[in-house]
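# Residue-level structure breakdown
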Amino acid sequence: MTENFHIRRVAVLGAGVMGAQIAAHLVNANVETLLFELPAKEGDPNGNVNKALDGLKKLDPAPIASPAKLQYIQPANYEQHLEQLRDCDLVIEAIAERMDWKSDLYKKVAPFLNEHAIFASNTSGLSINKLAQAFPENLRHRFCGIHFFNPPRYMHLVELIPCVGTEASLLDHLETFLVSTLGKGVVRAKDTPNFIANRIGVFSMLATKHHAQAFGLGFDTVDALTGRYLGRPKSATFRTLDVVGLDVFAHVVNTMRENLTEDPWHKHFELPGWYGYLVDQGALGQKTKKGIYQKIGKDIHVLDLHTRQYRLSDSKIDDDVKEILRERDWAKKLAALRDKPHPQAEFLWATFRDVFHYCALQLEHIAGNARDLDLAVRWGFGWDSGPFEIWQAAGWQQVAGWITQDIEKGKAMSSVPLPVWATEPDRVGVHTAQGSYAPVGLDSACVVGASAPYNHGVPLAGASRLSARSTLPVYKRQPFPDRLLGEPVQYGETIFETDSVRMWHTGDDIAILSFKSKMHAVSNDVLDGILRAVDEAEANWRALILWQTEAPFSAGAHLLQLMQGVQEAADAPPAGLFGKLKGAAQRVKYTIAGGANLGDVLNAATGNVPRVEEVVAKFQQVSQRLKYAQVPTIAAVYGLALGGGCEFSIHCTRIVASLESYIGLVEVGVGLLPAGGGCKEMAQRAAAEARGGDIFPHLKRYFQQIAMGEVAKSAELAREMGYLKASDRIVLNQHELLHVAKEEARALTATAYRPPLHQRQIPVAGRTGIATLKAAMVNMLEGGFISEHDYDIGCRIAETLCGGDVEAGSMVDEDWLLDLERHHFMQLLATDKTRARVEHMLKNGKPLRN
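Residues numbered from 1 in each chain as written. Predicted model: local features only at pLDDT ≥ 70, side-chain atom pairs only at ≥ 80, totals over all residues. Heavy atoms only, no water.

### Things to note about the overall build of the chain
Counting its secondary structure elements, the chain contains 31 helices and 26 strands. Relative to the compact-globule value of 29 Å for 850 residues, the chain shows a C-alpha radius of gyration of 29 Å, a close match. Seen along its three principal axes, the alpha-carbon backbone of the chain occupies a region of about 80 × 65 × 60 Å. Residues classed as buried in the chain amount to 58% of the 850 residues present. Of the roughly 34,500 Å² that the chain leaves accessible, carbon and sulfur atoms contribute 51%. (Helix = DSSP H or I, 4+ residues; strand = E, 2+ residues; numbered from the N terminus. Rg over C-alpha atoms; globule rule 2.2 N^0.38 Å. Buried < 20%, exposed > 50% of the residue type's maximum accessible area, 1.4 Å probe, protein only. Areas by Shrake-Rupley, 256 points an atom, 1.4 Å probe, with all protein chains shown as cover.)

### Thoughts on the sheet that holds strand S1 (residues 9-13)
Strand order in the open sheet formed by eight strands is S3-S2-S1-S4-S5-S6-S7-S8, with mixed pairing between adjacent strands. Unpaired on one side and paired on the other, strand S3 (73-77) and strand S8 (185-188) mark the two borders of the sheet. Direction aside, the axes of adjacent strands within the sheet are offset by 25 degrees on average. Alignment of S1 against strand S2 (residues 32-37), held across five bridges, turns out to be parallel. (Pairing = 2+ DSSP bridges. Axes fitted to C-alpha atoms, helices over the stretch in contact; angles between N-to-C directions.)

### Describing the packing of aromatic side chains
Scanning all chains against the criterion turns up 32 aromatic pairs. Geometrically, the ring pair formed by Phe119 and Phe143 is stacked, given 6.0 Å between the ring centres and 15 degrees between the ring planes. Of this pair, Phe119 sits in strand S5 (residues 118-121) while Phe143 is found in strand S6 (residues 143-148), placing the two residues 24 residues apart along the sequence. For the pair Phe119 and Phe143, a shared accessibility class is recorded, and that class is buried. Ring geometry for Phe480 and Trp504: centres 5.8 Å apart, planes at 70 degrees, overall edge-to-face. Taken together, the positions of Phe480 in the loop between strand S14 (466-468) and strand S15 (493-497) and Trp504 in strand S16 (residues 501-505) put the pair 24 residues apart, joining distant regions of the chain. We classify Trp504 as buried; its relative accessible area is 0%. What links up through ring pairs into an aromatic cluster is the set Trp330, Phe352, Phe356, Phe388, Trp391, Trp396, Trp421 and Tyr437. Note that Arg308 overlies the ring of Tyr277, its terminal NZ or CZ placed 4.8 Å from the centroid. In this structure, Lys333 packs its charged tip against the face of Trp330, placed 4.5 Å from the ring centre. (Phe/Tyr/Trp six-rings, centres within 6.5 Å; stacked < 30°, edge-to-face > 60°. Lys NZ or Arg CZ within 6 Å of the ring centre and 35° of its normal.)

### What to know about the nonpolar core
Among soluble globular proteins, nonpolar side chains are generally buried collectively. Residues Ile292, Leu334, Phe388 and Trp391 are the most contacted members of the largest nonpolar core, which totals 112 residues. When residues of this core are assigned to their parent elements, the largest contribution, 13 residues, is made by helix H13 (residues 343-366). Setting aside residues no more than four positions away along its own chain, Phe388 makes contact with Cys359, Ala360, Leu363, Ala370, Leu373, Asp374, Trp396, Trp421, Val430 and His431. Core analysis: the second largest hydrophobic core is formed by 84 residues, Val631, Ala675, Cys679 and Phe825 among them. (Core = buried A, V, L, I, M, F, W, Y, C linked by side-chain atoms within 4.5 Å. Contact = heavy atoms within 4.5 Å.)

### Some words on the pairing of strand S21 (residues 633-642)
Across the ten residues that make up S21, a large majority, eight, are buried. Here S21 runs beside strand S22 (residues 654-664); their pairing, made up of eight bridges, is parallel. Counterpart to Val637 in the pairing with S22 is Ala657. For the crossover that starts at S21, traverses helix H23 (residues 644-651) and ends in the parallel S22, the hand is right-handed. (Right-handed = clockwise from strand over helix to strand, strands pointing away.)

### So, the packing of helix H6 (residues 197-214) against helix H14 (residues 370-381)
Where H6 meets H14, the axes come as close as 8 Å, and the angle between the chain directions of the two elements is 70 degrees. In this view, H6 runs roughly perpendicular relative to H14, as classed from their interaxial angle. Our pair here, H6 against H14, has a crossing hand that is right-handed. Along its contact with H6, which presents Ala197, Asn198, Ile200, Gly201, Val202 and Met205, the element H14 presents Leu373, Ala376, Val377 and Phe381. Split by residue class, the contact of H6 with H14 holds eight nonpolar, two polar and no charged. (Parallel < 35°, antiparallel > 145°, perpendicular 65-115°, else oblique. Left-handed = near helix turned anticlockwise from the far one by under 90°. Nonpolar A, V, L, I, M, F, W, Y, C, P; charged D, E, K, R; others polar.)

### A few points about the sheet that holds strand S11 (residues 310-312)
In sheet architecture, strand pairing relies on hydrogen bonds along the backbone and comes in two forms, parallel and antiparallel. Taking strand neighbours across the sheet as the criterion, the three strands line up as S9-S10-S11 in an open arrangement whose pairing is antiparallel. The open sheet has two edge strands with one neighbour each: strand S9 (293-296) and S11. Strand-to-strand twist across the sheet, computed as the mean angle between neighbouring axes with direction ignored, equals 40 degrees. In this sheet, strand S10 (residues 299-303) lies alongside S9 in antiparallel orientation, the contact comprising four bridges. Each residue of the ladder has a partner; that of Gln294, found in S10, is His301.

### Considerations on the pairing of S10
Between the end of S9 and the start of S10, which pair antiparallel, lie two residues, with Gly297 showing a positive phi angle near 65 degrees. Two elements, S10 and S11, share three bridges in a ladder whose sense is antiparallel. The residue bridging His301 from the neighbouring strand is Leu312, located in S11. Linking two consecutive strands that pair antiparallel, namely S10 and S11, is a turn of six residues; a positive phi of about 55 degrees is found at Arg308 within it.

### Description of empty space enclosed by the protein
Under the definition given, this model contains three cavities of 30 Å³ or more. Estimates place the volume of the second largest cavity at around 60 Å³. In terms of lining, the second largest cavity is formed by Met205, Leu206, Lys209, Thr237, Phe238, Leu241, Phe249, Leu271, Pro272, Trp274 and Tyr275. Elements with a contribution of two residues or more to the lining of the second largest cavity: H6, helix H8 (238-244) and helix H10 (273-280). When residues in the lining of the second largest cavity are grouped by element, the largest group, three residues, is from H6. Residue composition of the lining of the second largest cavity, by class: nine nonpolar, one polar and one charged. (1 Å grid on protein atoms, 1.4 Å probe; cavity = no way out; pocket = protein on both sides within 12 Å on 5 of 7 lines; lining within 4 Å. Points joined across faces, edges and corners; volume = space filled by probe spheres on them.)

Structure follows, in C-alpha cells:
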C-alpha cells in the first residue's frame, strides 16, 4: 500500500448490534460511513438499516456521541448500492458469526472493491485464515480480522488479526486509523479461537463459575467478591454475563469447545445445566430483562440454583475476607487469600491461580508478548490490571511456587505444569523498563515474511526475549501511553511543585500544570498554585496547559480544603449538628461541582462568612486569570469536568477534550449555584450568540442547564450545550490529548497571541428575563414539579444570568456579574434548606429534594 494512503470513507456490512454501533462510532469520529444491510422485503429497500438506526437512539449508554450525528450514517443495501463500495477505503464486515454466510457475502461484494481498499472481518473468534480462504485469492493480501468490543464507543480495545498473506503495511495503516481517528487501543493477535481478550476473559469467567460451584457460592456473592475489590467492573462476573447476553457467551464458549480440543482445560469449556435452562427459557440477560438477575420493581433478584426461582439479592462478604480485599498490596492480598480457611477466600485464590496458570501456558499460542495479553484484558474486559501485572505485583517467584504446589496436589483445574519460562529462578516478572516478555523474542503477531517498515512489537538487541513498544509513528502522538506495571514513567522536568499542584515541562517551551489532589478537586492551595503557574507561564513560557496524569480533569471544588483557613481562624469547632457534619465530611468521599466534604463549608458559613466570600472571590480571580493571561491557556479535558473544573475549562483560551469528557455546572445538586465565573461566562456567551438581537432564547438554554444540573455525556454534547466553543477541539484518543493541546498552543502563538479584551459592555436580559424565567418556574412549582427551595435557587440563578434588577438591554461588565454570583452563592449557603441538602449529601451520597 502507498505511504500516503488515507481512510476517508468506510462501509460497514451488516446493521446488527455490532455493525450499527461500529458505524455510529465512525461518525463519532467524523468519518463518512455507509451502513449496508439486506433490502427490506416490503416498503423502503433501506427499511432494515433505518430500523437499526432507530434502535441506536434507544441504547444506553448511547453509542452515538450526539443524536445529530446519526444523520451522517448513509443507509445502503446489497441490491442497490454495491457500486458505492468502489469509493470506500475500508470495508468492515460485521454480519452474524456464520462462515457460510460470510463466504457468500465476500463473493457478492468482492467485485466492487477498489484496488487499495482494506477488507476486515469483525469476527469475535472465527479463524481469519479460514475466512480468507473464502475471499478471492487476488485480494487476500488486503484481508484481515478486526475485532471491536461491545459497546464499540466505550471499549478501548480493538484486536487486529492478520491472515497468512496480509500486507504488513495494510495493518500499519489500519492500526494508525484505529488509534488516532477512532481513539482505540490496538493489540495484534494470533489467529487462534477467540484471539486474546476473549480467550483469557472467557476462561476467567469459566474458572470463576467452576470454583463458585465447588465452594457453594451464590451468583450475587461471587459478584460482590469479583468486582471493584479486584479492580474489575462493578458488573463483576455474572452481571457481566447478563449484559453481554447469555446466548452470546454460550456461542463464544462453544467456539472454544469446538476449536480447542487440545487445550489442557478443554473439559471445562462446558456450560452447566442451569445455564442451558435459562437460555431455553429465553432468559438471555439484560436484553430480555431476565437472566441470572432480574429486576422486579426497584429490587434486584437473583437466580437460586437450588430452586431455580428468583430470590432477593442479598450478597454478604465475610468481614475478614472483606478486610483482605481492601488490602492494596497484591503480595499481601494474595497471600492472605491463600492462607484464609474460608470458602470465599479459597474461591478467590483458586480463581486467581487458574487464570495465572492458563495465561502462562497459552501466552505463546495467542499473543506476541505479555504486554499485549495484559493490555487486551484491561482494555477489553475493564480490568484495572492485567493477569500478569497482578502476578508480578504479588511477587513472581512466590506465586509461581504456590501455583506449582497446587498443581502437584491436584487442586488446579489442569495438571499441566507451568511452562519453563515462568519458573526461571531469576524471573521477577514479565514487564520491564526495556520491554515485555515475548515467548519467541519477536512479536509473532507481525506478519511472517513481510517487510514491514515498522514492527508492532520490536525485538531488543541483546535483550533476552523482550519486546519493546511499537515504533509506528502514530504512537509519537502519545507522550504518556497507558502504562503497565514495571514500565517507569517520568512526567517531564519540574518547574515548581507544592503539595497540591506540579508545574512541569517536557523539554520544550510549553508549561504543564497538573493537580495532585484526590479526584483533582480544587482546594485553596490548588487555587494558589494555578495563580502562581499563570504568573510563571507569562514570565518564562510560551503557553500553559492544564492536564492531569490520569482522569478525571477535575470533579470540582474541594470545599473542605478551601475552608481550612477558616477552621484555623475559628476559636473552637462548632458543636451540635455542624460538628457532626464535620466528622461526616471527613468520612464521605463525594465530590460534586460545588465540592466534597461540605460540612466544613457550613461551619465556615455560620462562623466566618467574610472569609468564605474571600475564597469564592479567589476562585473567580483564577478563572479570570486563565481567560486573560498573556499566554494561551489550554484545558486538556478527559473524564469529569464538573463545577469548578468546568468553570476553569470554559475560561481557558482553548479546550482540547477527549470525546469521553463529561462536563457540566452541577452546583444545584447541593443547593448552590456556580460562583467561579460559570454564571458570568454563560451570560456572556448568550449575549455573544444573540449578536445584538434578543438575548433571552440563548439565555434560557443556559439557565435550564444550570438549574437542572445537566452534565454533557460527551464532548460533542458539551459543544452543543455551549461548554465547548466552535474553536475547541475534540480528540478521540485520550492518550493523544497532551500532544494535541501542545499543537493548539503552538498554533495560537504562531500569530503573536494576544488575550481577549475585557468586555465592559455586556447586554443582559434584566428584569424582563428574570420575570419570564420566574413565571415558568411558578408553573412548575404549582404543578409540584419543583420545591419551594428549588424555586428559590432557580430565581437566584435567573437573577445572576439576567444581570440583576436592571432594565432589559442594560450594559454591565464582568465584575458586575461576578458580584452577583458571589452574592447569591453566599445567600444560598446561609439557608437552612441548603444546609439540609448538604447534610443529606454527606450522609447518603445522593441529592435531597426539599
